Amino acid sequence: MNISNKQFLSIEQLQDQFLTQQKSKPNIKTSESLSFEEILQKTQQEGEVKFSKHAANRLNDRNIELTEEQLERLNDGTKMAGEKGIRESLVLVDELAFIVNTRSNTVITALTQGETKENIFTNIDGAVII
């Protein structure tokens with residue numbers, strides 16, 4: 001069997017090609033010229049709550065529309081709950097109730113006072129009334 005050395009790279013060539021190259025960090029940019037890392041840091045700094053798909057559906061189904069002021073108070077309540085070490089919090093804003101996971105800053109569900117007939121909330125470890 002005759003193998004030509006021209007078809008295969010030597011170990012030294014492979015080392016030069018793959019191991020000694022300087023690895024560059026991928027610079028992924030969005031349309032606003034911000035990298036993913038920059039967007040993530042900005043979002044974490046702002047501390048704004050996100051709405052899970054379930055919570056977004058509940059808001060839509062129940063015709064709940066949050067004003068800027070209510071959203072700001074919800075953000076403040078979530079931040080206060082997180083500072084106190086609460087993981088799953090009930091945040092009451094006006095006549096609205098939100099269950100929020102403070103670690104991920106995510107609203108899990110939302111309901112109005114009319115839907116809280118029994119006034120029983122489970123699987124929470126704290127509440128914030130704003």
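Anything mentioned here points back to the structure above.
Residues numbered from 1 in each chain as written. Predicted model: local features only at pLDDT ≥ 70, side-chain atom pairs only at ≥ 80, totals over all residues. Heavy atoms only, no water.

1. Concerning the overall build of the protein
Of regular secondary structure, the protein possesses 4 helices and 5 strands. Traced from its N-terminal end to its C-terminal end, the protein shows the element sequence α-α-β-α-α-β-β-β-β. Buried positions account for 25% of the 130 residues belonging to the protein. Considering only residue pairs separated by 6 or more positions, the protein has 54% of its internal contacts joining residues 24 or more positions apart. Per element, the accessible surface of the protein, about 10,200 Å² overall, is 49% carbon and sulfur. (Helix = DSSP H or I, 4+ residues; strand = E, 2+ residues; numbered from the N terminus. Buried < 20%, exposed > 50% of the residue type's maximum accessible area, 1.4 Å probe, protein only. Contact = heavy atoms within 4.5 Å. Areas by Shrake-Rupley, 256 points an atom, 1.4 Å probe, with all protein chains shown as cover.)

2. Let's talk about the pairing of strand E3 (residues 96-101)
Counting buried positions along E3 yields 6 of 6 residues, so the element is predominantly enclosed. Alternating residues of E3 divide into Leu-96, Phe-98 and Val-100 and Ala-97, Ile-99 and Asn-101, and every residue in both groups is buried. As paired elements, strand E2 (residues 88-93) and E3 share 6 bridges and run antiparallel to each other. Considered in E3, the bridge of Val-93 is made with Leu-96. Hairpin connection of E2 to E3: 2 residues between the antiparallel strands, including Asp-94 at a positive phi of 55 degrees. (Pairing = 2+ DSSP bridges.)

3. Digging into the nonpolar core
Core analysis: the largest hydrophobic core is formed by 12 residues, namely Val-49, Ala-55, Leu-59, Ile-64, Leu-74, Val-91, Val-93, Leu-96, Phe-98, Val-100, Val-107 and Ala-110. Counting only elements with at least two residues in this core, the list comes to helix H3 (53-61), E2, E3 and strand E4 (106-112). When neighbours within four sequence positions are excluded, Val-107 is seen to be in contact with Val-49, Lys-50, Phe-51, Ser-52, Ala-55, Leu-74, Phe-98, Ile-99 and Val-100. (Core = buried A, V, L, I, M, F, W, Y, C linked by side-chain atoms within 4.5 Å.)

4. Describing the environment of Leu-74
Among the structural elements, Leu-74 can be located in helix H4 (residues 68-83). The class for Leu-74 is buried, based on a relative accessible area of 0%. Placed 23 residues apart in sequence, Leu-74 and Ala-97 show a C-alpha to C-alpha distance of 9.7 Å. For Leu-74, the contacting residues outside a window of four places in its chain are Val-49, Phe-51, Leu-66, Val-91, Val-93, Phe-98, Val-100 and Val-107.

5. Things to note about the sheet that holds strand E5 (residues 126-129)
The strand order E1-E4-E3-E2-E5 describes an open sheet built from 5 strands, whose pairing is mixed. If you trace the sheet from one side to the other, it starts and ends with strand E1 (50-51) and E5, each paired once. Sheet contacts for H3: E1, E3 and E4; angle to E4, the most-contacted strand, approximately 20 degrees. Lying over the sheet, H4 contacts E1, E2, E3, E4 and E5, oriented at roughly 145 degrees with respect to E2. (Axes fitted to C-alpha atoms, helices over the stretch in contact; angles between N-to-C directions.)

6. With respect to H4
In a regular helix each residue adds 1.5 Å, so 16 residues correspond to 22 Å; H4 covers 23 Å between its end C-alpha atoms and thus fits that length. Looking at the buried side of H4, the elements it contacts are E1, E2, E3, E4 and E5. The positive-phi residue at the C-terminal boundary of H4 is Gly-85, with phi of around 85 degrees. (Expected span 1.5 Å × (residues − 1).)

7. A word on the environment of Gly-126
Among the secondary structure elements, Gly-126 is positioned in strand E5. Sequence separation between Gly-126 and Arg-87 is 39 residues; the distance between their C-alpha atoms is 7.9 Å. Residues contacting Gly-126, with those up to four places away along its chain left out, are Ile-86, Glu-88, Ser-89 and Leu-90.

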